[in-house]
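The primary structure of each chain is shown beneath.
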Amino acid sequence: EDGFAVTLDRCDGCGGAPSVVGLEGEDGLDGLRSAAQGIKDAHPSIENVYLSAEGTIPLQTLVETMDALRGSTCSLMPGEDRSSCLFPGVIIDA
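The structure presented is a predicted model; accordingly, all values stated were derived computationally and were not measured. All residue numbers refer to positions counted from 1 along the written sequence of the respective chain. Restriction of local features to residues with pLDDT of at least 70 applies here, the model being predicted, together with a cutoff of 80 or more for giving and counting side-chain atom pairs; totals for whole chains, interfaces and linings are based on all residues. As a rule here, side-chain values come from all non-hydrogen atoms in the structure, and water together with hydrogens is ignored.

> What exactly am I supposed to notice about the overall build of the chain here?
Secondary structure elements follow DSSP: runs of H or I of four or more residues count as helices, runs of E of two or more count as strands, with numbering from the N terminus. The helix and strand inventory of the chain stands at two helices and four strands. Traced from its N-terminal end to its C-terminal end, the chain shows the element sequence β-β-α-β-α-β. Only protein chains enter the accessibility calculation, which uses a 1.4 Å probe; a residue is then buried when its area is under 20% of its type maximum, exposed when over 50%, and partly exposed in between. Evaluated residue by residue, the chain yields a buried proportion of 34% over its 94 residues. Residue contacts are defined here by distance: any two heavy atoms, one from each residue, within 4.5 Å place the two residues in contact. Contacts in the chain between residues far apart in sequence, at least 24 positions, make up 49% of those at least 6 positions apart. To measure how exposed things are, a 1.4 Å probe is used in the Shrake-Rupley method; for residues, cover is taken only from the protein chains shown. Roughly 6,200 Å² of accessible area belongs to the chain as shown, and the carbon and sulfur atoms make up 51% of that amount.

Shown next, in the form of structure tokens:
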């Protein structure tokens, strides 16, 4: 509800405190896409990200967030090239 917090705490050697990239009143998904691209550029070997959401977040918002983290041109269909994906492995972390 307050935006997206991005952290690299599960990435060995990445570290850093979470930063909020999309605030209420902004298009938070654009901020998230931009932050995800920056992380991918800095750490191209990372393929998985962990997504945690408050219980009040609507399912549609969760799906849109997963899509934003995967990237706009990403296809997860069998046999498709995944090189255009930011993070093909979006893992929901309870």
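> Can you help me understand the nonpolar core in this one?
Soluble, globular proteins show a tendency: their nonpolar side chains are buried together. With 14 residues, the main nonpolar core has Leu 32, Ala 36, Val 49, Leu 51, Leu 69, Phe 87 and Val 90 as its most contacted residues. Those elements giving two or more residues to this core turn out to be helix H1 (28-42), strand E3 (48-51) and helix H2 (59-70). When near neighbours in sequence (up to four residues on either side) are disregarded, Leu 69 contacts Leu 32, Ala 36, Val 49, Leu 51, Leu 86, Phe 87 and Val 90. For this analysis, a nonpolar core means a set of buried residues of the types Ala, Val, Leu, Ile, Met, Phe, Trp, Tyr and Cys, connected via side-chain atoms within 4.5 Å.

> Help me understand the pattern of salt bridges in this model?
Side-chain pairs of opposite charge can arise whenever the charged atoms involved come near each other. Salt bridges are defined as contacts in which a side-chain nitrogen from Lys or Arg sits within 4 Å of a carboxyl oxygen from Asp or Glu. The final tally for this structure, using the stated rule, is two salt bridges. Between Asp 67 and Arg 70 there is a salt bridge, and its shortest N-O distance comes to 4.0 Å. Of this pair, Asp 67 and Arg 70 both sit in helix H2, separated by three residues, roughly a single helical turn. With relative accessibility at 17%, the residue Arg 70 sits in the buried group.

> Can you help me understand the pairing of strand E4 (residues 89-92) in this one?
The two faces of a sheet get side chains in turn, since along a regular strand they alternate between them. A pair of strands counts as paired when DSSP detects no fewer than two bridges linking them. Bridge count for E3 against E4 is four bridges, and the pairing is parallel. Its bridge partner lying in E4, Tyr 50 is registered against Ile 91. Here is how to tell: hold the view so the strands point away, follow the path from the first strand over the helix to the second, and if it runs clockwise the crossover is right-handed. Between E3 and its parallel partner E4, the chain crosses via H2, and the hand of that crossover is right-handed.

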